[in-house]
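# Fold and contact review
Below are the chains, spelled out letter by letter.
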Amino acid sequence: MKIQTTIYVYYQKYDWDNDGSYQVYSFKVNDDDTRTFVCEQEIEVEVPDNYDPTAQMIAALETQKEKAMLDYNKTVMEINIRIGKLQALEYIA
């Protein structure tokens, strides 16, 4: 399957670069002191007819789920440490 799309080519050069580089975007970007617009082009991209993004989407969600679980476990551990410290305090009335 062939897909027609527009690309936007920019030249980008930072102060520490000896040579700049060309960057391609699928959207227009504002020019700034490091990036200038070069040209806009229509291109044709060949995509497999049987392309199915499901496996990649599931993998991305699994990664997101794993990060959420790690963040959750870290937060619960920090809360448990704080509770333990409070319970260790002597209460004098």
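Residues numbered from 1 in each chain as written. Predicted model: local features only at pLDDT ≥ 70, side-chain atom pairs only at ≥ 80, totals over all residues. Heavy atoms only, no water.

### Describing the packing of aromatic side chains
Counted only if it meets this: By convention, a stacked pair of Phe, Tyr or Trp rings (six-membered ring in the case of Trp) has centres within 6.5 Å and planes under 30 degrees apart, an edge-to-face pair has planes over 60 apart, and any other such pair is tilted. Secondary structure follows DSSP: runs of H or I at least 4 residues long count as helices, runs of E at least 2 residues long count as strands, and numbering of each begins at the N terminus. Working definition: with a 1.4 Å probe on protein chains only, accessible area under 20% of the residue-type maximum means buried, over 50% means exposed, and in between means partly exposed.
Evaluated as defined, the whole model comprises five aromatic pairs. Arranged with centres 5.6 Å apart and planes meeting at 80°, the rings of Tyr-10 and Tyr-25 form a pair that is edge-to-face. Note that Tyr-10 is positioned in strand 1 (residues 2-12) and Tyr-25 in strand 2 (residues 21-25), a separation of 15 residues in sequence. Judged by centre distance (4.7 Å) and plane angle (5°), the rings of Tyr-14 and Trp-16 are stacked. Of the residues examined, Tyr-14 reaches a relative accessible area of 31% and is grouped as partly exposed. One aromatic cluster is present, formed by Tyr-10, Tyr-25, Phe-27 and Phe-37 through successive ring pairs.

### With respect to the pattern of salt bridges
Here is the rule we go by: Salt bridge criterion: a side-chain nitrogen from Lys or Arg within 4 Å of a carboxyl oxygen from Asp or Glu.
A full pass over the atoms with the stated rule returns four salt bridges. The salt bridge partner of Glu-44 is Lys-2, with a shortest N-O separation of 3.6 Å. Within this pair, whereas Glu-44 is found in strand 3 (residues 35-46), its partner Lys-2 is found in strand 1, the two being separated by 42 residues in sequence. Classification of Lys-2 by relative accessible area gives exposed; the value is 56%.

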